[in-house]
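So the chains spell out like this:
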Amino acid sequence: MKKILELAYNYMNEYVKTFYSDDKDEMLGIATKEEHTGYVTKNCRDLAEHLHLNEHDVQLAELIGLLHDIGRFRQWQVYHTFVDGDSEDHANLGLKVIVDLPFYKLLAAKDQELLLFAIGNHNKKEIVKTKSAKKLLFAKIIRDADKLDIYRVLEPYLDATKEFGLKLKFSPATHEDRFAAGFLEKFVNGEQVDYRLIETQNDRKLVRLMWVYDVNFSWTLQRIRDRGFICKIISSLPDNEMVKQGVERLNTYVDIKCATNDLPVNLGE
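Values in this document were obtained by computation on a predicted structure and should not be read as measured data.

S.K.: A description of the side chain of Asp144 should follow, citing residues and the corresponding values.
M.R.: The topology assignment puts Asp144 in helix H7 (residues 133–154). Buried and unpaired, Asp144 has Lys147 as its nearest opposite-charge partner, separated by 5.8 Å. Engagement of the side chain of Asp144 in a polar contact is seen with the side chain of Asn216, the distance being 2.9 Å. Look past the residues within four positions of Asp144 in its chain and what remains in contact with it is Leu47, Asp214, Val215, Asn216, Phe217 and Thr220.

S.K.: Give me the packing of aromatic side chains: which residues, what numbers.
M.R.: Following the criterion strictly, the structure yields 8 aromatic pairs and no others. Residues Tyr151 and Trp211 carry aromatic rings whose centres are separated by 5.5 Å and whose planes lie at 85° to one another, so their mutual orientation is edge-to-face. Note that Tyr151 is positioned in helix H7 and Trp211 in the loop between helix H10 (201–210) and helix H11 (218–226), a separation of 60 residues in sequence. Since its relative accessible area comes to 3%, Tyr151 is described here as buried. Within the aromatic cluster, the residues linked to one another by ring pairs are Tyr11, Tyr15, Phe19, Phe73 and Phe103. Here the basic side chain of Lys33 rests over the ring of Phe82, its NZ or CZ set 5.1 Å away from the ring centre.

S.K.: Kindly report on the pattern of salt bridges, identifying the contributing residues and their values.
M.R.: What the rule picks out here adds up to 19 salt bridges. Asp89 is paired through a salt bridge with Lys124; the nearest N and O atoms lie 3.4 Å apart. Placement of the pair is Asp89 in the loop between helix H4 (70–79) and helix H5 (90–98) and Lys124 in the loop between helix H6 (109–120) and H7, with a sequence separation of 35 residues. On the accessibility criterion, Lys124 (23% relative accessible area) is partly exposed. Put simply, Lys232 and Glu155 hold a salt bridge, and the shortest N to O gap is 2.3 Å. Of this pair, Lys232 sits in helix H12 (residues 229–235) while Glu155 sits in the loop between H7 and helix H8 (160–165); the two residues are 77 residues apart in sequence, bridging distant segments of the chain. For Lys232, a relative accessible area of 39% corresponds to the partly exposed category. Owing to a relative accessible area of 27%, Glu155 belongs among the partly exposed residues under this scheme. Beyond isolated ion pairs, a larger network of salt bridges with shared partners links Arg45, Glu49, Glu55 and Glu62.

Analysis parameters
Residues numbered from 1 in each chain as written. Predicted model: local features only at pLDDT ≥ 70, side-chain atom pairs only at ≥ 80, totals over all residues. Heavy atoms only, no water. Helix = DSSP H or I, 4+ residues; strand = E, 2+ residues; numbered from the N terminus. Buried < 20%, exposed > 50% of the residue type's maximum accessible area, 1.4 Å probe, protein only. Lys, Arg positive; Asp, Glu negative; His and termini not counted. Salt bridge = Lys/Arg side-chain N within 4 Å of Asp/Glu carboxyl O. Polar contact = N/O pair within 3.5 Å; in protein donor to acceptor, adjacent residues only side chain to side chain. Contact = heavy atoms within 4.5 Å. Phe/Tyr/Trp six-rings, centres within 6.5 Å; stacked < 30°, edge-to-face > 60°. Lys NZ or Arg CZ within 6 Å of the ring centre and 35° of its normal.

Here's what the structure looks like:
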């Protein structure tokens, strides 16, 4: 696995360069995803080590982090957007790229299957049901590693003006100081929402807060909390009763989750 990982790093370094451009707007998207890939890769390895996985599985988690957004580069080049709904699902696009990579074919069949499952599910609303505890574990690892860094990426853009200045073509949303129908109710109940229903910048903020309920490991949530991401989003929201109710529920959940220890994982198939 160590040799495959080395080949993967070398390949990705050259692969990303093929998308470089003299156009500043084009390069902003590529550079953002290149940096994001580096952070997520490290998050995957750190989380896998925290879970006391063996070295082979730690390296496999690292490989999954390295490749999880490989579809983003082609998505940006072809569609000039990172909005899956306006182009195609970037995880599915990534799988099409991965199966043709030379080092992918060097992986054991079980590792190939696991890698494709984890990456294919890293951006879905829910992980597809599976009987494999190991597949489920690695899908959870990449989802957590990804969310942890997405909070970092989006932190500077809580202000609507700044977000629209970032030419990454997010889903349309207005600057209105309101919420789309049903969003506050979902927040109060601790439920996820359909991203396609986003109408305002406040909706985006609630979506980011509700990601908390989809974080799998205490390790991850502790870092999201301790880096101030949650508090900064909350402080940018309007002051109304339903927001307060949702925040109270969220904070209680975060306190309880962060106070728990991550349980030993069962890697049985």
